[in-house]
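Spelled out, the chains give:
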Amino acid sequence: MIAYKICLLPGDGIGPEIIAEGVKVLDAVGAKHGLTFAYTEALIGGAAIDACGEALPASILEMAKAADAVLLAAVGGPKWDTTDPDKPRPEQGLLGIRKGLQLYTNLRPVQIFDALSGASTLKPEVIEGVDLMMVRELTGGVYFGRRERFYDEAGAGVDGTPGQRAYDTMEYREYEIDRIARQAFEAARKRRGKVTSVDKANVLESSRLWREVVHRIHEEDYPDVELEDILVDNCAMQLITRPADFDVLVTENMFGDILSDEAAQITGSLGMLASASLGDGTALYEPSHGSAPDIAGQGIANPLAQILSVEMMLRYSFNAQEAADDVRRAVTAVLDAGWRTGDIADGATPKEKVVDTSRMGDLVVDHL
Ligand code: NAD
């Protein structure tokens, strides 16, 4: 038996409901493959703000660092929404743990489950064969750059009248681009051998550095991988016109945030998409969606993105490929049999049966 320590961070909204299903699946797949999991659990995001006034208490980071992997659900909700820069916000928990664990790579696979091909708003012929990996830089760029909001006595208004001003800075260091580029090229080598690097090099200096470094790494160490550059605005269009042409997309933090949500919608169901955040130490796994406050507490959330993030954990943190394949097969079988949560039900599939969160987890376990 191999024992792993897992830090559970349920967070807010539907978080506690879906993470319970992730744990159910972990225990079932572990029992089958000779893996045991010991869990620690902590509050993060809004729940942590309510309990102790901050979104990421220092003890959580220590707990996460001591674990072999972190399974997070989602944070946030209207209760904690504020534009007051002095008030704590749930997202600080998320950004803080990414920074604290040095999770500079975010992987988001986008694949179509055959049973759900009708869920996309795109035409079937456009999404056929879509299998791409978004590689997003996660600890640099504008989300972590210098920022300020201040009252400017002279210069905020068109006529030089006083008013508020704010700025954020997008900054990248060479080594930050170097290491994310390598992750993308490595991922491409295990896939179809093509990297598309997304930037805004016609306007931004940080993008020009991005492009230079990506090309240098390519020439020096990955000449066998095909590399193309694309401007981020063009990429936003191409992603919905020819998504099947992409293999690995690599981009900086904010572009990646936006494009990965767009890519997620190619499948038509945010409730199906998992992500892995990797660095040099403990990795973190979470669904791509948020805390869905509109359906929280009703027991109807789709737990499959959380369960597929368990699949990624098995693959990337524990190198348990067979166990990971088993989870994916079980999810595929459940969908093929017509089981759906409300968000992925189309009302048109003949054998469709709508179930709640907990039952969906049980069905995956049954198939395991
Ligand atoms: P969201 O992803 O929470 O919800 C968008 C829509 O998708 C909602 O209608 C929701 O009901 C639905 N949805 C999402 N996940 C679902 C699931 N598993 N099953 C069924 N339906 C699902 O995005 P939002 O509404 O923009 O944000 C809500 C809150 O979540 C905000 O506070 C936001 O800041 C936060 N958020 C957190 C994360 C994170 O923790 N990683 C990511 C995005 C948003």
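Not measured: the values here are computed from a predicted model.

Participant: Help me understand the overall build of the chain in this model?
Facilitator: Of the regular secondary structure elements, the chain holds 12 helices and 14 strands. Compactness check: the chain gives a C-alpha radius of gyration of 21 Å against a globular reference of 21 Å for 368 residues, within 12% of the reference. Along the first, second and third principal axes, the C-alpha set of the chain runs to 65 × 50 × 45 Å. Here the chain, with 368 residues, has 51% of them falling under the buried criterion. Within the chain, contacts between residues separated by at least 24 positions form 74% of all contacts whose residues are at least 6 apart in sequence.

Participant: So what exactly am I meant to see when it comes to helix 11 (residues 321-336) here?
Facilitator: Think of an α-helix as 3.6 residues a turn; residues three or four steps apart then line up on the same face. With 16 residues, helix 11 should reach 22 Å at 1.5 Å per residue; the first-to-last C-alpha distance of 22 Å fits that figure. On the buried face of helix 11, the contacting elements are helix 1 (15-33), strand 2 (35-41), helix 10 (304-316), strand 13 (339-340) and helix 12 (357-367). With its phi angle positive at about 100°, Gly 338 sits one or two positions after the end of helix 11.

Participant: Sorry, what's going on with empty space enclosed by the protein here?
Facilitator: Over the atoms, a rolled probe matching the size of one water molecule traces out where space is still vacant. Using the criterion set out here, one finds 2 cavities of 30 Å³ or more in the structure. Taken as a whole, the largest cavity holds about 40 Å³ of empty space. Around the largest cavity sit Met 170, Tyr 172, Val 198, Asp 199, Ser 206, Ser 207, Trp 210, Glu 252 and Phe 255, which together line it. Secondary-structure elements contributing two or more residues to the lining of the largest cavity are strand 8 (194-199) and helix 7 (205-221). For the lining of the largest cavity, the element with the most residues is helix 7, which contributes 3 residues. Looking at the lining of the largest cavity, its residues break down into 5 nonpolar, 2 polar and 2 charged. Its boundaries defined by the atoms lining it, the second largest cavity holds a volume of some 40 Å³. Taken together, Gln 111, Ile 112, Phe 113, Leu 116, Thr 267, Ser 269 and Met 272 make up the lining of the second largest cavity. Residues that form the lining of the second largest cavity fall into these classes: 4 nonpolar, 3 polar and no charged.

Participant: Looking at this structure, how should I read the layout of surface pockets?
Facilitator: Its boundaries defined by the atoms lining it, the largest pocket holds a volume of some 1000 Å³. For the lining of the largest pocket, the element with the most residues is helix 4 (residues 91-100), which contributes 5 residues. Residues of the lining of the largest pocket, tallied by class, amount to 14 nonpolar, 13 polar and 12 charged. Quantified by volume, the second largest pocket comes out at close to 600 Å³. Along the walls of the second largest pocket sit 23 residues, with Met 133, Arg 191, Met 312, Arg 315 and Tyr 316 positioned nearest its centre.

Participant: Looking at this structure, how should I read the site of the ligand?
Facilitator: What surrounds the ligand is a group of 19 residues, the closest being Val 75, Gly 290, Ala 292, Asp 294 and Asn 302. His 289 is positioned with one of its side-chain polar atoms (N or O) 3.1 Å from a nitrogen atom of the ligand. At 2.7 Å from an oxygen atom of the ligand is found a main-chain nitrogen or oxygen belonging to Gly 290. Here the ligand, which alone exposes 810 Å², has 67% of that area covered by the protein. Structurally, the ligand is housed in the largest pocket.

Participant: Help me out: how do you make sense of the environment of Phe 150 in this one?
Facilitator: Structurally, Phe 150 is set in strand 6 (residues 147-152). Spatially, the C-alpha atoms of Phe 150 and Arg 165 are 5.4 Å apart, while their sequence positions differ by 15 residues. Setting aside residues no more than four positions away along its own chain, Phe 150 makes contact with Gly 163, Gln 164, Arg 165 and Tyr 167.

Participant: What is the right way to read the pairing of strand 11 (residues 274-278) from this model?
Facilitator: Across a regular strand the side chains alternate sides, sitting on one face of the sheet and then on the other. Counting buried residues in strand 11 gives 5 out of 5 residues, a clear majority hidden from the surface. Here strand 4 (residues 105-111) runs beside strand 11; their pairing, made up of 3 bridges, is antiparallel. Across the sheet, Thr 105 pairs through a bridge with Leu 278, a residue of strand 11. Taking the residues between adjacent antiparallel strands as the criterion, strand 11 and strand 12 (residues 283-287) are bridged by 4 residues.

Participant: Sorry if this is basic, but what is going on with the pattern of salt bridges here?
Facilitator: Side-chain pairs of opposite charge can arise whenever the charged atoms involved come near each other. Following the criterion strictly, the structure yields 28 salt bridges and no others. Note that Arg 108 is salt-bridged to Asp 261, the shortest N-O span being 3.2 Å. Here Asp 261 lies in helix 9 (residues 253-266) and Arg 108 lies in strand 4, a separation of 153 residues in the sequence. Arg 108 sits in the buried class, given a relative accessible area of 8%.

Participant: What exactly am I supposed to notice about the packing of aromatic side chains here?
Facilitator: The way to describe two aromatic rings as a pair is by their centre distance and the angle between their planes. Applying the stated rule across the entire model yields 5 aromatic pairs. Each ring, one from Tyr 4 and one from Phe 37, has its centre 6.3 Å from the other, and the planes form 25°; the classification is stacked. Of this pair, Tyr 4 sits in strand 1 (residues 2-11) while Phe 37 sits in strand 2, and the two are 33 residues apart along the sequence. Taken individually, Tyr 4 and Phe 37 each receive the classification buried, so the pair is uniform in this respect. On the numbers, 3.8 Å between centres and 15° between planes, the contact of Tyr 4 with Phe 318 is stacked. With a gap of 314 residues between them, Tyr 4 in strand 1 and Phe 318 in the loop between helix 10 and helix 11 connect regions that are remote in the sequence.

What counts, and at which threshold
- Residues numbered from 1 in each chain as written.
- Predicted model: local features only at pLDDT ≥ 70, side-chain atom pairs only at ≥ 80, totals over all residues.
- Heavy atoms only, no water.
- Helix = DSSP H or I, 4+ residues; strand = E, 2+ residues; numbered from the N terminus.
- Rg over C-alpha atoms; globule rule 2.2 N^0.38 Å.
- Buried < 20%, exposed > 50% of the residue type's maximum accessible area, 1.4 Å probe, protein only.
- Contact = heavy atoms within 4.5 Å.
- Expected span 1.5 Å × (residues − 1).
- 1 Å grid on protein atoms, 1.4 Å probe; cavity = no way out; pocket = protein on both sides within 12 Å on 5 of 7 lines; lining within 4 Å.
- Points joined across faces, edges and corners; volume = space filled by probe spheres on them.
- Nonpolar A, V, L, I, M, F, W, Y, C, P; charged D, E, K, R; others polar.
- Near = heavy atom within 4 Å.
- Polar contact = N/O pair within 3.5 Å; in protein donor to acceptor, adjacent residues only side chain to side chain.
- Areas by Shrake-Rupley, 256 points an atom, 1.4 Å probe, with all protein chains shown as cover.
- Sits in = over half its atoms within 2 Å of the grid points.
- Pairing = 2+ DSSP bridges.
- Salt bridge = Lys/Arg side-chain N within 4 Å of Asp/Glu carboxyl O.
- Phe/Tyr/Trp six-rings, centres within 6.5 Å; stacked < 30°, edge-to-face > 60°.

Take it as geometry only, folks, not as evidence of what the structure does.
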